[in-house]
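Okay, here's what each chain looks like letter by letter:
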Amino acid sequence: MSSTHVEVPGGRLRVTDEGAGPAVVLLHAGIADLRAWDPVVPPLVAAGYRVVRYDSRGYGESTTQDVAFSRRADVIAVLDELGIGRAPLVGNSMGGSTAFDTAIEFPERIVAVVGVGAGLGGFEVESTPAEAEIQEAYQQVDSADPFDQDALTEFEVGVWLDGPGQPSDRVEVTVRERLREMAGPLNTPDRVEGRPIPLDPPANDRLADLRCPVLAMAGRLDFSDVVLTAEHLAAAAPNARALVWDDVAHMIGMEQPDRLAATIVEFLAPLDRWG
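Residues numbered from 1 in each chain as written. Predicted model: local features only at pLDDT ≥ 70, side-chain atom pairs only at ≥ 80, totals over all residues. Heavy atoms only, no water.

Digging into the layout of surface pockets
So, point 1. If you add up the space inside the largest pocket, you get close to 1200 Å³.
So, point 2. Forming the boundary of the largest pocket are 49 residues, of which Gly-30, Ser-93, Met-94, Trp-160 and His-250 lie nearest the centre.
So, point 3. Elements with a minimum of two residues in the lining of the largest pocket: helix H2 (71–81), helix H3 (94–105), helix H4 (129–142), helix H5 (149–162) and helix H7 (224–236).
So, point 4. Of the residues in the lining of the largest pocket, the class split is 23 nonpolar, 16 polar and 10 charged. (1 Å grid on protein atoms, 1.4 Å probe; cavity = no way out; pocket = protein on both sides within 12 Å on 5 of 7 lines; lining within 4 Å. Points joined across faces, edges and corners; volume = space filled by probe spheres on them. Helix = DSSP H or I, 4+ residues; strand = E, 2+ residues; numbered from the N terminus. Nonpolar A, V, L, I, M, F, W, Y, C, P; charged D, E, K, R; others polar.)

Written out as structure tokens, the structure is:
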């Protein structure tokens, strides 16, 4: 594995690059950094892919000034720096939303998108009453005075890894520890993460432009809007299908990395090779 840094306007991205073959770019969730993909990378490399990951601005080892920036432009900057003309994007949560946006704004550069528990800009659905209570508790922990960084991190690990309302022992302790290690620093009060510029109009208003193959994955143990987002994409985007697993929540790549990697490989296999 090689590690480098890519300079972007007002920031610096830590990038890892391993394997050989057609490139696949993995985009992490907003509660994690590139290490969330650690167990997914080896089977993708073994399947003959070059796997590229990077820490988004303000995450992991990437830095940013307090500037407005485009996550889509950052994806393209990484591709350009590594000499990658075209690639599929695999994005979890925030990374999935970025992947959809990038495929819409730069269709000539994106081969396909796998959204893993992904959001979709401009698509909103009402929470269930039980979910609304969890979200209210989330806000209370986040805004507590005095602020308790550890309490917020523990709450987030429970919500996003176990799933809302799921038992705290559902996922292995070692996996919880890995996510906690990534999530904790993100709750530092003085953290600088920049000001992302949203796609305008949002992706949900431009699904006709999302023409590349799309696999929208979700877990039924996640918030219900994530499943509805996947199903909405399958119904509204030109070349999309949904895949919902009953036994996972939001961080699918950390819960079931081998199964996810096999699904990605199967999805990409019929596509013409890219460079």
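Things to note about the pairing of strand E1 (residues 2–8)
So, point 1. Pairing analysis gives seven bridges linking E1 to strand E2 (residues 11–18), with the strands arranged antiparallel. Bridged to His-5 within E2 is Arg-14. (Pairing = 2+ DSSP bridges.)

Details of empty space enclosed by the protein
So, point 1. What the rule picks out here adds up to two cavities of 30 Å³ or more.
So, point 2. The space that makes up the largest cavity amounts to roughly 70 Å³.
So, point 3. Around the largest cavity, the lining residues are Leu-27, His-28, Tyr-54, Ser-56, Arg-57, Phe-69, Arg-71, Asp-74, Val-75, Met-94, Gly-95 and Thr-98.
So, point 4. Looking at the lining of the largest cavity, the elements with two or more residues in it are H2 and H3.
So, point 5. Broken down by class, the residue content of the lining of the largest cavity amounts to five nonpolar, four polar and three charged.

Describing the packing of H4 against H5
So, point 1. It is at 9 Å that the axes of H4 and H5 come closest, and there the two elements cross at 155°. Compared by their axis directions, H4 and H5 come out roughly antiparallel. Regarding H4 and H5, the two cross each other, and that crossing is left-handed. Listed contacts from H5 to Ile-134, Ala-137, Tyr-138, Val-141 and Asp-142 of H4 are Ala-151, Leu-152, Phe-155, Glu-156, Val-159 and Trp-160.
So, point 2. In the contact of H4 with H5, the residues fall into nine nonpolar, no polar and two charged. (Axes fitted to C-alpha atoms, helices over the stretch in contact; angles between N-to-C directions. Parallel < 35°, antiparallel > 145°, perpendicular 65-115°, else oblique. Left-handed = near helix turned anticlockwise from the far one by under 90°. Contact = heavy atoms within 4.5 Å.)

Let's talk about the side chain of Thr-98
So, point 1. Along the chain, Thr-98 turns up in helix H3.
So, point 2. Among all residues touching Thr-98, those that are not within four sequence positions of it are Leu-27, Arg-71, Arg-72 and Val-75.

Some points on the environment of Thr-263
So, point 1. For Thr-263, the position within the fold is in helix H9 (residues 257–268).
So, point 2. Judged by its relative accessible area of 11%, Thr-263 falls in the buried class.
So, point 3. Excluding anything up to four places from it in sequence, Thr-263 contacts Leu-215, Met-217, Leu-243 and Trp-245. (Buried < 20%, exposed > 50% of the residue type's maximum accessible area, 1.4 Å probe, protein only.)

A short note on the nonpolar core
So, point 1. With 41 residues, the main nonpolar core has Val-15, Val-25, Tyr-54, Phe-100, Val-113 and Leu-210 as its most contacted residues.
So, point 2. Setting aside residues up to four positions removed in sequence, Val-25 forms contacts with Val-52, Tyr-54, Leu-79, Ala-87, Pro-88, Leu-89 and Val-90.
So, point 3. Residues Leu-44, Ala-261, Ile-264 and Leu-271 belong to the second largest nonpolar core, which totals 25 residues. (Core = buried A, V, L, I, M, F, W, Y, C linked by side-chain atoms within 4.5 Å.)

Brief notes about the environment of Leu-179
So, point 1. Tracing the backbone shows Leu-179 in helix H6 (residues 173–183).
So, point 2. Exposure remark for Leu-179: the relative accessible area of 0% places this residue in the buried category.
So, point 3. The contact partners of Leu-179, leaving out residues within four places of it in the chain, are Ile-31, Ala-32, Val-157, Leu-161, Met-251 and Met-254.

Concerning the packing of aromatic side chains
In this description, an aromatic ring pair is defined by two values, namely the gap between the centres and the angle between the planes.
So, point 1. Summed over all chains, the structure comprises three aromatic pairs.
So, point 2. With a centroid separation of 6.1 Å and 15° between ring planes, the pair formed by Tyr-49 and Trp-274 is classed as stacked. Of the two residues, Tyr-49 is situated in the loop between helix H1 (41–46) and strand E4 (50–54) and Trp-274 in the segment after H9; the sequence distance between them amounts to 225 residues. Each member of the pair, Tyr-49 as well as Trp-274, carries the same accessibility label: buried.
So, point 3. The positively charged end of Arg-191 is found above the aromatic ring belonging to Tyr-59, 4.5 Å away from the centroid.
So, point 4. Here the guanidinium or amino end of Arg-259 rests over the ring plane of Trp-245, the centre of that ring lying 3.6 Å away. (Phe/Tyr/Trp six-rings, centres within 6.5 Å; stacked < 30°, edge-to-face > 60°. Lys NZ or Arg CZ within 6 Å of the ring centre and 35° of its normal.)

Details of the packing of H5 against H6
So, point 1. Their axes nearest at 10 Å, the elements H5 and H6 cross at an angle of 125°. The angle between the axes of H5 and H6 places the two elements in the oblique class. Crossing hand, H5 versus H6: right-handed. Contact residues: H5 offers Thr-153, Glu-154, Val-157, Leu-161 and Asp-162, while H6 offers Val-175, Arg-176, Leu-179, Arg-180 and Ala-183.

A closer look at unusual backbone geometry
So, point 1. Here the bond from Asp-145 into Pro-146 is cis, since omega is 5°, no more than 30 degrees from zero.
So, point 2. The residue Pro-146 is located in the loop between H4 and H5 in this model.
So, point 3. With omega at -5°, the peptide bond leading from Asp-200 into Pro-201 counts as cis.
So, point 4. Secondary-structure assignment places Pro-201 in the loop between strand E9 (195–196) and strand E10 (214–219).

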